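# Report on the structure
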Amino acid sequence: MSEATNGAARTADVPLAKLGEGHTGAVSAIQGGRNMVLRLAELGIRTGSRLTVVRGKGPMIVSIKGHRLVIGHGMVNRIFVTPDAHARARRH
Amino acid sequence: MESGESSERAARGRVVVALAGNPNAGKSTIFTGLTGVRQKIANYPGVTVESREGTFERDGRTVAVVDLPGTYSLTAFSPDELVARHFLVNRQPDLVVDVVDVSQLERNLYLTVQLMEMGVPLLLAFNKGDVARARGQALDTRRLSELLGVPIVETVASEGRGLDTLRDDIARMAGVVRGTGAVVRYGREIEEALDALTPLAEACRAPDVPNARWLAVKMLEGDEDAAKAIAGLGEPAAALKRAAAGWSVKLSRHFGDRTEIVIADQRYGFISGACQESVHTTVEVRHHVSDRIDDVVTRQVFGLPIFFLLMFGVFKLTFALGGPVSEWIERFFGWLAQTVAAAWPADFAAPLKSLMLDGVIGGVGGVLVFLPNVVFLFAAIAFLEDSGYMARGAFLMDRFMHKIGLHGRSFIPAMLGFGCTVPAILATRTLETWRDRMTTMLVLPLISCGARFPIYSLFVAAFFPEPWRARILMMLYVLGIALAAGLAKALRSAVFRGDASLFVMELPPYRMPTPRAIGRHTWDRTRMFLRKAATTIVAASVVLWALTNGPKPDPSSVEKLTPRERRAAELSHSWAGRLGRAIEPAMRHVGFDWKASTALVGAFAAKELFVSQMSILHALAEDEASQRTLGQHLRREYTPLQALCIMVFCLVSLPCVATCAAVRAESGRWRWAILQAVGLTVLAYLVTLIIFQSGRWLQWGVTLLEGA
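Described in the following lines is the structure provided in the data block. (Residues numbered from 1 in each chain as written. Chains lettered and ligands numbered in written order. Predicted model: local features only at pLDDT ≥ 70, side-chain atom pairs only at ≥ 80, totals over all residues. Heavy atoms only, no water.)

Secondary structure summary: chain B contains 32 helices and ten strands in total. The contacts in chain B between residues at least 6 apart in sequence include a share of 74% that link residues at least 24 apart. (Helix = DSSP H or I, 4+ residues; strand = E, 2+ residues; numbered from the N terminus. Contact = heavy atoms within 4.5 Å.)

Below, the discussion takes up the pattern of salt bridges. Across all of its chains, the model carries 34 salt bridges over all chains by this definition. We note a salt bridge from D101(B) to K128(B), for which the minimum N-O separation is 4.0 Å. A residue pair is termed long-range when its members are at least 10 positions apart, and D101(B) in strand β5 (residues 95-101) and K128(B) in the loop between β6 (122-127) and α5 (129-134) qualify at 27 residues. Grouping residues by exposure puts D101(B) and K128(B) together as buried. Note that E146(B) is salt-bridged to R143(B), the shortest N-O span being 3.2 Å. Taken together, the positions of E146(B) and R143(B), both in helix α6 (residues 141-148) and three residues apart, correspond to about one turn of that helix. Relative accessible area serves as the criterion here: at 53%, E146(B) is assigned to the exposed category. Three or more residues are tied together by salt bridges with common partners; here these are R68(A), D291(B), D294(B) and R392(B). (Salt bridge = Lys/Arg side-chain N within 4 Å of Asp/Glu carboxyl O. Buried < 20%, exposed > 50% of the residue type's maximum accessible area, 1.4 Å probe, protein only.)

Another aspect to go through is the nonpolar core. All names here are of chain B. The biggest cluster of nonpolar side chains holds 104 residues, and the ones touching the most others in it are F459, F610 and M647. Residue contributions to this core peak at nine residues, all from helix α30 (residues 640-652). Leaving out residues up to four positions away in the same chain, F610 has contacts with I455, F459, A596, A599, L600, A603, I646 and C650. Counting 66 residues, the second largest nonpolar core, distinct from the first, contains V16, V120, L194 and V262. (Core = buried A, V, L, I, M, F, W, Y, C linked by side-chain atoms within 4.5 Å.)

As a further point, take helix α22 (residues 468-494) of chain B. Residues and elements named next belong to chain B. Here α22 is 27 residues long and its end C-alpha atoms lie 38 Å apart, about the 39 Å a rise of 1.5 Å per residue gives. Burial in α22 covers these residues: I472, L476, Y477, G480, L483, A484, A485, A488, L491 and R492. Turning to α22, the residues buried within the fold contact α14 (300-343), α17 (389-403), α20 (434-443), α21 (453-463), α30 and α32 (670-698). (Expected span 1.5 Å × (residues − 1).)

Let us now look at helix α8 (residues 188-202) of chain B. Each turn of an α-helix holds 3.6 residues, which means side chains three or four residues apart point in the same direction. All names here are of chain B. In a regular helix each residue adds 1.5 Å, so 15 residues correspond to 21 Å; α8 covers 21 Å between its end C-alpha atoms and thus fits that length. Where α8 bends most, at A196, the angle is about 30°, and the proline P199 comes one to four residues later. Residues of α8 that are buried: I190, E191, A193, L194, L197, T198 and A201. Elements in contact with the buried residues of α8: α9 (212-221), α11 (235-255) and α12 (259-278). (Bend = angle between axes of the 7 residues up to and from the residue.)

Each pair of packed helices can be described by the angle between their axes along with the distance between the axes. All names here are of chain B. At a minimum axis distance of 10 Å, the contact between α21 and α30 shows a crossing angle of 170°. Relative to α30, α21 is oriented roughly antiparallel. Residues I455, Y456, F459, V460 and F463 of α21 lie in contact with α30, whose contacting residues are P640, A643, I646, M647, C650 and L651. A class-by-class count of the residues in the contact of α21 with α30 yields eleven nonpolar, no polar and no charged. (Axes fitted to C-alpha atoms, helices over the stretch in contact; angles between N-to-C directions. Parallel < 35°, antiparallel > 145°, perpendicular 65-115°, else oblique. Nonpolar A, V, L, I, M, F, W, Y, C, P; charged D, E, K, R; others polar.)

Below, the discussion takes up the interface of chain A and chain B. Across the boundary between the two partners, chain A contributes 38 residues, which contact 40 residues of chain B. Carbon and sulfur atoms make up 55% of the area that chain A and chain B hide from each other, which totals about 3,700 Å². In this assembly, chain A and chain B are joined by five salt bridges. Put simply, E81(B) and R39(A) hold a salt bridge, and the shortest N to O gap is 3.0 Å. Across the contact surface, chain A and chain B share eleven residue pairs in polar contact (both at pLDDT 80 or more). Those elements that provide at least two residues to the side of chain A that touches chain B are β1 (4-6), α1 (34-42), β5 (60-64) and β6 (67-71) of chain A. Here the side of chain A that touches chain B gets nine residues from one element, more than from any other, and that element is α1(A). Residues belonging to the side of chain A that touches chain B are distributed by class as follows: 15 nonpolar, 14 polar and nine charged. Across four bridges, β6(A) lies against strand β10 (residues 504-507) of chain B in antiparallel orientation. (Buried area = accessible area lost by both parts, 1.4 Å probe. Polar contact = N/O pair within 3.5 Å; in protein donor to acceptor, adjacent residues only side chain to side chain. Pairing = 2+ DSSP bridges.)

All names here are of chain B. A positive phi is found at Q92, a non-glycine position, where the angle reads about 45°. Note on placement: Q92 falls in the loop between α3 (79-90) and β5. In the Ramachandran plot, K128 falls in the positive-phi region, its phi being about 60° despite a non-glycine side chain.

See the structure below:
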C-alpha cells in the first residue's frame, strides 16, 4: 500500500493549493503515503484540522492552532480541504 | 524497563538524564540553564551523531544531562529521530526530561505520548507558559499531570524561572523512578489486537525493544525500524510479523483507513481528551508581532529582495569584519616563522627546520588566516537561524529549489556550505528522505567554501585589474551555484528518482537570539573547521612536505648548478614533482603546468593548501615566500586565462579529504564519497577544457589584462 486516501474527498472539497490566501478550511482528505500522512499528523495536520492559508500558491504557509507551517510545493495538491462557507461567500 | 546499566551508574553516584523535546520548544535554553558552561561534546558508541553533554551537582550526586536532537516524534523518519530513539532504548537514561512548549501543547504532547509508550522514566518540563497565557490559555497543570500519569515542572527557561525546581526534581527522581507505568489506551478494537499481539511480542526480546506492548504497537503501525530490530530472531519474530499484518488488515477494513493513521488519530484523541479537561482558552489573541513581520517578508514581492539583501549583507559583513582579523593572524604566523627560524640552532637538523617552517607553520597558518571569515559567516547564519528567519528563507527558496528537484530545507545546508562543506554535510541530517540527503550532499562541494577564497583572492588579485576583480569573483560563486543546481537536477532525474519529497516545516515565531546561543552554534561549527585544521591539514602538510622533499636527485648531477637551479631540480625530481609531471600531459589542455598540477595534489588534502603549495613550490624554486611576491611571480608564469582555469578547476574538482570523510560517514558507504570525488573531477576537467580551449580560440586572456 504505497498510496492511500485518508478519508474520502467530497465534491465541495478543493486541494489546499486552491484555497486562497486568507481563507480557512477543514482538512477532509490527505492523499499520500504513510510517511506523508504521519509527518503531517505529528505537526498537527490530520483529517478535521482547521487551517488558514497565510501565504502562497506553490509552497504555502498555513496557520493551524496559532502556529505556522510551511507546506512544500509537492504536498499542497495532495491535501484536500472543505472551505468554510463564509470564506467561500467572500471569495465569490 | 530493564536497566542494569542505569542502576550500576546510579550506585556510583552519577546519573544520566536525557533531554528530549520538539524543535523550538526551548530545549537548548533549558539545557544551558541546567548545566551552565560545564558542557562537552560526547560520542556515544553505536550512535554516529555527537550528543551534547553537560553536568550539574545536586545533593552530592553528579547529574549528566544529554541533549538529544529536537524531534516531533520518534517515528524514525529522519536520522535525528533515529538517534533520539536509539539513545533512549540502548543507553537507558535514568530519567528523560521532555521539554514541552505549552503554547503548542497538543502537538508537543504527541512526542510525550510516544515517550510514555516506551516506558521510560519521564518528567515533563512545561516551558513557555508565559506565551500560552499571553494567548489566553489557562492550564491546570495538576489535572493534566494526573491524566497523563507523569509529573510536571513548570519553567520559563528564557527567564531562568523554574530551573532550580527542575534540578531538584531531576536529582530526586533520576535513578529512583523506574518506568512511568502510564499507558495510552487505543480504544476497544485496537486494544483487542494489542492483547493478542503482546504475548507474541514477549517472545521477541531484542536490545532495541523497550517493552512488549511498545513492540506490539510498532508492529501494528508497520514500523520498519522495529521490524529490523527483531529481524534476527527467527520464528518468534516471523510469527509476530504475520499476526500483526493480519490484525492490521482487519483493523484497516474496520476503520476504513490505514492502521497507522488510526493509531496516530487515537494518540491525538487521547491528547485532546486530556487537554480538554485541563486547558481553558479564554481569548484568541491575533496578529502578534511575528505575524506582522511575516506579512512582509514572506510576500514574494518584498520577500525575495529582502532575502537577497540580507544574504548580500551577510557576505559583506563577513569579509569586512573578518579582513582585519585575518591580517593579525597572518602577521602572527609571519612572526612565529621568523622567531622559530631565528631560534633554530645553526646546522641542526636542516630538514626538520624546513618541515616546521614550510610544512607545519606555513600549512596551518595558511588555513587559520581565513578562520575569521568562517567564524563571522557562521555567526551570521546562527543569528538568522535562531531568530527564525532562516525558516522563512527556506520557504522563499522552495519555489526555486523545487525546480531542481530539491526542497526549501536543502537551502540551509547550502548556506552553510559557503563557510565550510563539512558542517554543511552534517546539516543534511534534517532532510528526511535518503534521496534528498544524498542529492544535497553530492552537490554541496560545488558551493564555494571559505577554503576556496584564498585561491580566488590570490589569482584574482594577481591577474585581474579593476573592474574585473568583483566580476570574476562573482562569476566563480555563480558558476558553482549553477553547476550545483544542474547537477542536483540531473541526479534527481537520473539516479535519485522519485516523487517530490515531503516538505513540511514549522515557522517558529521570531525571537531575538541570545548572544550565548549564537556563540554556541558558531562554536559548534567552527570546531569542526578547526579540527580539520588541527588534524587533516597538519597531517597533509607533513605528507606534502615529504612528497616535495624526497627523493633527492643524485648529488653528482646537480653539483655544477647554482643553488637556485639545484632547488628547482630537486623539486622536479621529488614525488610531488613526478606526480605533477605525470598528470601534466592531460592537464596541459586545461591550462595547467606541472607546478599547478603538483599543487592540485595538495588541494586534495584541503583546498586552501593549493595556495601554500604554490608558495612552497615557487618559494623552493625562487626563494620568495610572501603572498604578494608570489602573486607577482605567478604573473610571469601564467596567463589570465590559465589563472581563471586554475580557479575553476579548484572550485569544481575533487572535494577535500575532510569532505570525502564526512560524505563517507553520513552516507554510510565509501562508494558515494569515491563516486563524488571522481565525478566532480571529471566535471571540472570538462568545464575547464571548454573554458581554456574556447578562451584560446577567442584570444581572451592570453596576454595580461589592462586595467580600466
